[in-house]
Amino acid sequence: MGRSLPVLNFPALAGTLGSIQQQVSQFFTPSPTIPAPHDGRTVDDFKPYLIALNLTKRCNLKCDHCYLDATTKSAGGDDELSTEECYKLIDQIAQVNKGCLLVITGGEPLVRPDILDIARHAVKLGFMVVFGTNGMLINDRMAKELVEIGVMGMGISIDSLDPQKHNRFRGVPGAWEAALAGIDP
Ligand code: SF4
């Protein structure tokens, strides 16, 4: 004798499905105590106040920890923005908040030949401009030019008080000495 077929109890099944549907719709319905997405906040509440622009992968150091693998001194790679594209990007940021702090960095931004023009463009639009740099290319002339443009500060990384540790970490002999000379050109 064969096994009997299962009996489907449609009214019971419909009841179960109805209950699941109710639970799902309760799950997705926002609770009145949670603020709705349109709670009076405007686009001004989401303005960026600090933007870091990694404008090149070129660098004169070879740090083990480099997050950009920035080791090419001569060219920035296929994805590097042109000068005009950098201007356009900065113009677009200005439409959102031209009062924000703009960190120009890389790679090593000062390896890029047009970087002072880009900084000048940003300062003219009203941005507070600072650089993130390894400091090795700052000499007296460069420091004066940065001041004249209106750049507000240079963030220079020193990894150790011990020059050997810094140089080993940065992959280039003399990097510590050059960074300190950049701090006090
Ligand atoms: S100085 Fe910065 S950009 Fe250059 S290799 Fe080191 S971490 Fe990368």
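Right above here is the structure, for reference.
Residues numbered from 1 in each chain as written. Predicted model: local features only at pLDDT ≥ 70, side-chain atom pairs only at ≥ 80, totals over all residues.

1. Points about the overall build of the chain
Alright, step 1. Counting its regular elements, the chain contains 6 helices and 4 strands.
Alright, step 2. Moving toward the C terminus, one meets the helices and strands of the chain in the order α-β-α-β-α-β-α-β-α-α.
Alright, step 3. Sorting the 185 residues of the chain into buried and exposed places 23% on the buried side.
Alright, step 4. A fraction of 68% describes how many contacts in the chain between residues 6 or more apart in sequence connect residues 24 or more apart. (Helix = DSSP H or I, 4+ residues; strand = E, 2+ residues; numbered from the N terminus. Buried ≥ 20, exposed ≤ 12 C-beta atoms within 10 Å, placed from the backbone. Contact = placed C-beta atoms within 7 Å.)

2. Here's the deal with the sheet that holds strand S2 (residues 101–105)
For sheets, the rule is that strands pair by backbone hydrogen bonds, running either parallel or antiparallel.
Alright, step 1. One open sheet holds the 4 strands; their spatial order is S1-S2-S3-S4, and the pairing between them is parallel. Edge positions in the sheet fall to strand S1 (50–54) and strand S4 (153–156), since each of these pairs with one other strand and no more. Taken pair by pair, the neighbouring strands of this sheet meet at an average axis angle of 25°, ignoring direction.
Alright, step 2. As defined by bridge partners, S2 adjoins strand S3 (residues 128–133) across 4 bridges and the pair is classed as parallel. Pairing of Val-103 across the sheet is with Val-130, part of S3. (Pairing = 2+ DSSP bridges. Axes fitted to C-alpha atoms, helices over the stretch in contact; angles between N-to-C directions.)

3. Focus on helix H3 (residues 115–125)
Alright, step 1. For H3, every residue scored as buried is listed here: Ile-115, Ile-118, Ala-119 and Ala-122. Down the axis of H3, the buried side of the element spans an arc of 100°, and every buried residue falls inside it.
Alright, step 2. Those residues of H3 hidden inside the fold are in contact with helix H2 (83–97), S2, S3 and helix H4 (140–149).
Alright, step 3. Backbone geometry just after H3 places Gly-126 at a positive phi near 110°. (Arc of directions from axis to C-beta.)

4. Brief notes about the nonpolar core
Alright, step 1. Judged by nonpolar contacts, the single largest core of 25 residues is most densely connected at Ile-104, Ile-118, Ala-119, Ala-122 and Val-129.
Alright, step 2. Secondary structure elements with two or more residues in this core: H2, S2, H3, S3 and helix H6 (175–183). (Core = buried A, V, L, I, M, F, W, Y, C linked by C-beta atoms within 7 Å.)

5. Topic: the environment of Asp-140
Alright, step 1. On the secondary structure map, Asp-140 appears in helix H4.
Alright, step 2. Classification of Asp-140 as exposed rests on a count of 8 C-beta atoms within 10 Å.
Alright, step 3. For the pair Asp-140 and Pro-185, spaced 45 residues apart in sequence, the C-alpha separation works out to 5.3 Å.

6. Comments concerning the packing of helix H5 (residues 163–170) against H6
Alright, step 1. Remark: H5 packs on H6, axes separated minimally by 7 Å, with the N-to-C direction vectors making an angle of 105°. When the axis of H5 is compared with that of H6, the two are roughly perpendicular. Residue-level contacts link Pro-163, His-166, Asn-167 and Arg-170 of H5 to Ala-175, Trp-176 and Glu-177 of H6.
Alright, step 2. Per-class residue counts for the contact of H5 with H6 are 3 nonpolar, 2 polar and 2 charged. (Parallel < 35°, antiparallel > 145°, perpendicular 65-115°, else oblique. Nonpolar A, V, L, I, M, F, W, Y, C, P; charged D, E, K, R; others polar.)

7. Describing the pairing of S4
Alright, step 1. The sheet contact formed by S3 and S4 spans 4 bridges and is parallel. Each residue of the ladder has a partner; that of Phe-131, found in S4, is Met-154.
Alright, step 2. For the crossover from S3 across H4 to S4, the handedness is right-handed. (Right-handed = clockwise from strand over helix to strand, strands pointing away.)

8. What to know about the environment of Ala-179
Alright, step 1. Of note, Ala-179 is situated in helix H6.
Alright, step 2. Setting aside anything within four residues of it in sequence, one finds Ala-179 in contact with Asn-134, Gly-135, Met-136, Ile-156 and Ile-158.

9. Looking at unusual backbone geometry
Alright, step 1. Gly-106 connects to Gly-107 through a cis peptide bond whose omega is 20°.
Alright, step 2. Mapped onto the elements, Gly-107 comes out in the loop between S2 and H3.

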